Amino acid sequence: MVRGRTGAVAVAGCVLLASAGCTSRGGPAVVPVSVSVSAPVSAFRSGTPSPSPSSGGGAGVPDSAVPAGSFDGHPLFRWVARFGNRCLGSPELPWFTCAGAGTGPLSAGPSLWTGSAAMFSGHWELTFRTDRERVTGVSCGALPVHVYELGSEQLAGGTRRYYALEEPFAVVGPLVAAVVRDGDGAAGAEPLDEPAPAVVPGAVVQRC
């Protein structure tokens, strides 16, 4: 398999594969630390997306958005924005997350490319994409992490998919994605590198 970093994202979020369930967790400790965020070259970030002319306002979720699960009881929606960015947000939340469109041809084999993490408006996020494989869950040690599929695109020879991890607290530790490879359906695991943990002073941190 091929792994690396991509120019995917970083704009606030919280996630869970629409089909996955939430698991209760113990209370994480509040740990004040310094900010350490390294944005990828093509990271895209903005406080509020531009609303569609026909949108009802809120967080600027366009009419073309489709349901993508929920976060802390708030409905989430996903849509394709300008330049092919895949976005996740809700009219009821002050943040949204967008993963930048991948460039170049599909990888020769199954691969996962990780962007950098960020904290924004009280939530932590990490975006990434895969070629030729589908993510079925993400964990940090024994902690399940909410993951949402933001969308996919068909390229010559296969499928590229975009994802975002979202939590109301910072996640610090080794992240692992469970995957199913396209074609033969083989199950596997891929590490998600987080070169620079994204934590703001006074944030709630879950270490694993």
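Please refer to the structure placed before this passage.
Only a predicted model underlies this, so the values are computations on that prediction, with no experimental measurement involved.

**Quick look at the side chain of Thr-159**
Residue position: Thr-159 is located in strand E12 (residues 158-167). With relative accessibility at 10%, the residue Thr-159 sits in the buried group. Polar contacts involving the side chain of Thr-159 include one to the side chain of Gln-154, which spans 2.8 Å.

**Let's talk about the packing of aromatic side chains**
Scanning the entire structure with this criterion turns up two aromatic pairs. Plain terms: the ring middles of Phe-71 and Trp-95 are 5.8 Å apart, the flat faces sit at 75° to each other, and that makes the pair edge-to-face. Taken together, the positions of Phe-71 in strand E3 (residues 66-71) and Trp-95 in the loop between strand E5 (86-89) and strand E6 (96-99) put the pair 24 residues apart, joining distant regions of the chain. Across this residue pair, the class does not change: Phe-71 and Trp-95 are buried. Residues Phe-128 and Tyr-163 carry aromatic rings whose centres are separated by 5.2 Å and whose planes lie at 15° to one another, so their mutual orientation is stacked. Of this pair, Phe-128 sits in strand E8 (residues 123-131) while Tyr-163 sits in strand E12, and the two are 35 residues apart along the sequence. You'll find Phe-128 and Tyr-163 in the same group, each marked buried.

**With respect to the state of the cysteines**
Considering all chains together, one arrives at two disulfides under this definition. Disulfide pairing places Cys-87 opposite Cys-98 at an S-S distance of 2.0 Å. Residues Cys-87 and Cys-98 are joined through a disulfide that is right-handed, its torsion about the S-S bond being 105°. Taken together, the positions of Cys-87 in strand E5 and Cys-98 in strand E6 put the pair 11 residues apart, joining distant regions of the chain. Of the two residues, Cys-87 and Cys-98, both sit in the buried class. Disulfide partners in the chain, listed by the sequence order of the bonded cysteines, are 1-2, 3-4.

**Looking at the nonpolar core**
In terms of nonpolar packing, the biggest core is built from 26 residues, with Trp-124, Phe-128, Val-138, Leu-165, Leu-175 and Leu-192 touching the most fellow members. The set of elements that each furnish at least two residues to this core consists of strand E7 (111-120), E8, strand E9 (133-140), strand E10 (143-145), E12, strand E13 (170-172) and strand E14 (175-181). Listed in part, the 11 residues of the second largest apolar core include Leu-88, Leu-150, Tyr-162 and Ala-164.

**Concerning the side chain of Thr-97**
Tracing the backbone shows Thr-97 in strand E6. Among the polar contacts listed, one links the side chain of Thr-97 to the side chain of Glu-125, at a separation of 2.5 Å. For Thr-97, the side chain forms a polar contact with the side chain of Glu-166, separated by 2.6 Å.

**Brief notes about the sheet that holds E9**
Strand pairing in a sheet relies on backbone hydrogen bonds, with the paired strands running either antiparallel or parallel. Judged by pairing direction, the sheet is antiparallel, and its four strands sit side by side in the order E10-E9-E14-E15 without closing on themselves. Strand pairing shows two members of the sheet lacking a second neighbour, E10 and strand E15 (187-192), which therefore form its edges. This sheet shows a mean twist of 35° between the axes of neighbouring strands, independent of strand direction. Bridge count between E9 and E10: three bridges; the pairing is antiparallel. Each bridged residue has a counterpart across the sheet, and for Ser-139 the counterpart in E10 is Pro-144.

Analysis parameters
Residues numbered from 1 in each chain as written. Predicted model: local features only at pLDDT ≥ 70, side-chain atom pairs only at ≥ 80, totals over all residues. Heavy atoms only, no water. Helix = DSSP H or I, 4+ residues; strand = E, 2+ residues; numbered from the N terminus. Buried < 20%, exposed > 50% of the residue type's maximum accessible area, 1.4 Å probe, protein only. Polar contact = N/O pair within 3.5 Å; in protein donor to acceptor, adjacent residues only side chain to side chain. Phe/Tyr/Trp six-rings, centres within 6.5 Å; stacked < 30°, edge-to-face > 60°. Disulfide = S-S within 2.5 Å. Core = buried A, V, L, I, M, F, W, Y, C linked by side-chain atoms within 4.5 Å. Pairing = 2+ DSSP bridges. Axes fitted to C-alpha atoms, helices over the stretch in contact; angles between N-to-C directions.

Worth remembering: the numbers are spatial, not functional.
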